[in-house]
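Here is what each chain is made of, one letter per residue.
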Amino acid sequence: MALAIEVKQLHKRFGALHALCGIDLEIEVGEFFALLGPNGAGKTTLINIIAGLTLATSGSVTVMGHDVVSHYRQARRTLGVVPQELVYDPFFTVRETLTIQSGYYGLKSNQAWIEEILHQLDLVSKADVNMRALSGGMKRRVLVAQSLVHKPPVIVLDEPTAGVDVELRQGLWRFIRQLNRDGHTVVLTTHYLDEAEALCNRVAMLKQGHIVALDSIRNLISSVSTCSLRLRLSPDILPSTLQPLISEREDGFYILTLNGYSQMEDVLVALRLAKTRILEMEILQPNLEEVFVTITGSSGIGRTAALAT
Amino acid sequence: MTGFLTLLYKELLRFWKVGFQTVFAPMVSTLLYLMIFSQVLEAHAEAFPGVAYTVFLIPGLVMMAVLQNAFANSSSSLIQSKITGNLVFVLLSPLSYREIFFAYVLASVIRGLAVGLGVYLVTVSFFDIAVASFPWVFLFAFIGSALLGAIGIIAGIWADKFDQLAAFQNFVILPLTFLSGVFYSLHSLPPFWQQLSHLNPFFYMIDGFRYGFFNASDISPYISLGIVAACFVAVSWVTLRMLKSGYKIRH
């Protein structure tokens, strides 16, 4: 399948800081892809290199097969980027902003599409308002609109929902999901893991300039072998052999962390021996957040990353 | 071409939307200079035979306004875009560094010419001043403002803060314009200062521009044109190299 974005052995140094340490990444056309990682992991640096805002120290990046340095014009025509910062030009109205942005991409008569994006992003009533007068959420929508004026096949959103209210978040995701269904490749970074879990089919987790995990969400979740058991017992006493497994207690329930499903049998045996009856039992699947914490937080990976730098 | 024209249009719309500050304010301050200097220095010796001091002063002031505004346009636009972050919209686009360069320079030229023309039109209604050769006037105004537009790009990209840009304007641009013979003919200076003034590229712009009005100048307009054009080529080369390398704008 064709690659929307291909990153090869990408390094970026800012003085002594090795921000990206040999990133390899392939994102296929039509994917909904998330880049996750703690602050300072290198997500924005990676996006800026893809967008041509930052120059790599070594390595290469292509967008829809166009090298972002040697064929930057073609690469940028195929790419729409929503920057993380709420930037705007205070001299212009929303419609002027979008018309000017179209022009930068060489589009002369783009008014029909501009009206369409204004409508889709619920900006029609603000179209002739100066950018300065818009609320933060509205400015964010204009940034999204600006990234779409040239109908790019690849859309990159750097924390698009940071500081955006719930209603707008949902509206924004509906629109972006629609774009993805229409065939656009979507890449995003976010701190909200539930968003990544709900929207994306694949994620890359970055830590200290390394990709520490790159997989589909389902595989990532199943790779974390722990699961949790939520139990209500009668009598409400957990046998002493099971006490070390307790991760949480919430009114009448015990939550036990197991190393895998096989450990479930041991729990049931211990309960039977103690003549404890199970009133309720629920197996809790790990979510992306736990995967994220496990992978980015585990000292083993941290050490490898440190060694590699 | 559409990309370049759009950036040019955006740059023109930017200063036109604040036209009071960018066009009318410099016109007023230039006319104030003219009123005050012509009043105080009326008895000043004629710089050129048969040319009254006030009339001698007008082309210098017009050209000074052209140059300062050309510089102000590209430099302030760039530093504002850099500091507010909206330069990203240009940097994300497929615009080439050459298109960016020419759009900013041409917008500076247009702003410079607009202010210069405005000052000239007001002064002709008060003073008796005729233009001997429009082509020379236009040529020097055009190439001079293009040079200052390019210098403005360098300053706007180099400066990280507004005060650095203000320092560039006050310690480089302003002294060079004031000491370029706007207010006096070079021949009225002691020989040492005459020699020193010949190192100032602004002198050639003013002198050549003035030639277009009076058919008289301190040195040949062809030499001035050659020197100003050479400066423009050299500065443009540096500016294009900066833009191509992404100096301070693509990290």
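Enquirer: Could you clarify how one ought to interpret the overall build of chain A in this entry?
Expert: In terms of helices and strands, chain A carries 11 helices and 14 strands. Sorting the 309 residues of chain A into buried and exposed places 40% on the buried side.

Enquirer: Explain the packing of helix 3 (residues 53-84) of chain B against helix 7 (residues 162-178) of chain B here, please?
Expert: Packed helix pairs are specified by the crossing angle of their axes together with the interaxial distance, meaning the distance between the axes. Residue and element names in this part refer to chain B. Two elements in contact, helix 3 and helix 7, have axes separated by 12 Å at closest approach and are oriented at 165°. Classified by the angle their axes make, helix 3 and helix 7 are roughly antiparallel. Between helix 3 and helix 7 lies a crossing of right-handed hand. Residue-level contacts link Met64, Leu67, Gln68, Phe71, Ser75 and Ile79 of helix 3 to Phe162, Leu165, Ile173 and Thr177 of helix 7. Tallied by class, residues from the contact of helix 3 with helix 7 come to 7 nonpolar, 3 polar and no charged.

Enquirer: Looking at this structure, I do not really get the sheet that holds strand 12 (residues 246-250) of chain A. What am I missing?
Expert: Pairing between the strands of a sheet is mediated by backbone hydrogen bonds and can be parallel or antiparallel. Residues and elements named next belong to chain A. Here 4 strands make up an open sheet; going across it, the order is 12-13-11-14 and the pairing antiparallel. The sheet is open, and its two borders are formed by strand 12 and strand 14 (277-284), each paired with just one other strand. The sheet shows a mean angle of 20° between the axes of neighbouring strands, direction not considered. Sheet topology places strand 11 (residues 227-234) next to strand 13 (residues 253-258); 6 bridges connect them, and they run antiparallel. Paired with Cys227 across the bridge in strand 13 is Leu258.

Enquirer: Sorry, what's going on with the interface of chain A and chain B here?
Expert: Interface extent is often summarised as the accessible area lost during association of the parts. Tallying the contact residues gives 23 residues for chain A and 22 residues for chain B. Looking at the side of chain A that touches chain B, the elements that each hand over two or more residues are helix 2 (72-77) and helix 3 (94-104) of chain A. For the side of chain A that touches chain B, the residue count by class is 12 nonpolar, 5 polar and 6 charged.

Enquirer: Where do I start with the domain arrangement of chain A in this structure?
Expert: Partitioning chain A into domains gives domain 1 (3-221) and domain 2 (225-285). Taking only C-alpha atoms, the centre of domain 1 of chain A and the centre of domain 2 of chain A are 44 Å apart.

Enquirer: Where do I start with the environment of A:His71 in this structure?
Expert: All names here are of chain A. By the element assignment, His71 lies in the loop between strand 5 (66-67) and helix 2. Note on His71: 14 C-beta atoms within 10 Å, which makes it partly exposed. In this structure the C-alpha to C-alpha distance between His71 and Val187, which are 116 residues apart in sequence, comes to 21 Å.

Enquirer: It is not clear to me how the sheet that holds strand 1 (residues 3-14) of chain A should be interpreted in this structure. Could you clarify?
Expert: Spatially, 4 strands are ordered 2-1-4-5 (chain A) in an open sheet, and the strand pairing comes out antiparallel. Whereas interior strands pair on both sides, the edge strands pair on one side only; in this sheet they are strand 2 (17-28) and strand 5 of chain A.

Enquirer: Help me out: how do you make sense of the nonpolar core in this one?
Expert: Within the largest apolar cluster, 147 residues are counted, with the highest numbers of intra-cluster contacts made by A:Ile50 and A:Val156. Tallying contributions element by element places helix 3 of chain B first for this core, with 16 residues. The residues touching A:Ile50, leaving out its near neighbours within four places in the chain, are A:Ile5, A:Val61, A:Val63, A:Val68 and A:Val156. By size, the runner-up hydrophobic cluster in this structure holds 6 residues, among which are A:Leu231, A:Leu238, A:Leu256 and A:Val267.

Enquirer: Hey, could you run me through the environment of B:Gly116 in this one?
Expert: Note on placement: B:Gly116 falls in helix 5 (residues 97-124). Residues within four places of B:Gly116 in sequence aside, it is in contact with B:Val62, B:Ala65, B:Val66 and B:Ala141.

Enquirer: How should I be thinking about the confidence of the model for chain A in this particular structure?
Expert: A low pLDDT score tells you not to read the predicted coordinates there in detail. Confidence in the prediction of chain A, expressed as mean pLDDT, is 88, and 95% of residues score 70 or more. Below a pLDDT of 50 lies the segment residues 299-309 of chain A, which in the model reaches 12 contacts outside its immediate sequence neighbourhood of four places, other chains included.

Enquirer: Help me understand the packing of helix 3 of chain B against helix 5 of chain B, please; the structure alone is not making it clear to me.
Expert: Residues and elements named next belong to chain B. Put simply, helix 3 and helix 5 touch, their axes get as near as 7 Å, and they point 150° apart. Comparing their axes, helix 5 and helix 3 come out roughly antiparallel. You can see that helix 3 and helix 5 cross each other, and the crossing is right-handed.

Enquirer: Got a minute to help me understand the confidence of the model for chain B in this structure?
Expert: A residue-level look at chain B finds 99% of positions with pLDDT of 70 or above and a mean pLDDT of 93. Scored as a complex, the prediction yields pTM 0.88 and ipTM 0.90.

Enquirer: Can you walk me through helix 1 (residues 43-51) of chain A in this structure?
Expert: Three or four residues apart is the spacing at which side chains of an α-helix point the same way, because the helix has 3.6 residues per turn. Residue and element names in this part refer to chain A. Most of helix 1 is tucked away: 9 of the 9 residues are buried. Within helix 1, burial applies to Lys43, Thr44, Thr45, Leu46, Ile47, Asn48, Ile49, Ile50 and Ala51. At the C-terminal side of helix 1, Gly52 shows a positive phi close to 85°.

Enquirer: Just to check I follow, could you spell out unusual backbone geometry for this structure?
Expert: In most cases, non-glycine residues show a negative phi, while peptide bonds are predominantly trans. Residue and element names in this part refer to chain A. That bond from Ser234 to Pro235 is cis: its omega, -10°, falls within 30 degrees of zero. Within the secondary structure, Pro235 is located in the loop between strand 11 and strand 12. With a phi angle near 60°, Asp122 is a residue other than glycine that sits in the positive phi range. Assessed through the 14 C-beta atoms surrounding it within 10 Å, Asp122 is described here as partly exposed. Positive phi is not limited to glycine here, since Lys275 has a value of about 55°. When you line up the elements, Lys275 lands in the loop between helix 9 (263-273) and strand 14.

Conventions adopted
Residues numbered from 1 in each chain as written. Chains lettered and ligands numbered in written order. Predicted model: local features only at pLDDT ≥ 70, side-chain atom pairs only at ≥ 80, totals over all residues. Helix = DSSP H or I, 4+ residues; strand = E, 2+ residues; numbered from the N terminus. Buried ≥ 20, exposed ≤ 12 C-beta atoms within 10 Å, placed from the backbone. Axes fitted to C-alpha atoms, helices over the stretch in contact; angles between N-to-C directions. Parallel < 35°, antiparallel > 145°, perpendicular 65-115°, else oblique. Left-handed = near helix turned anticlockwise from the far one by under 90°. Contact = placed C-beta atoms within 7 Å. Nonpolar A, V, L, I, M, F, W, Y, C, P; charged D, E, K, R; others polar. Pairing = 2+ DSSP bridges. Domains from an automatic or database assignment. Core = buried A, V, L, I, M, F, W, Y, C linked by C-beta atoms within 7 Å. pLDDT = per-residue confidence, 0-100.

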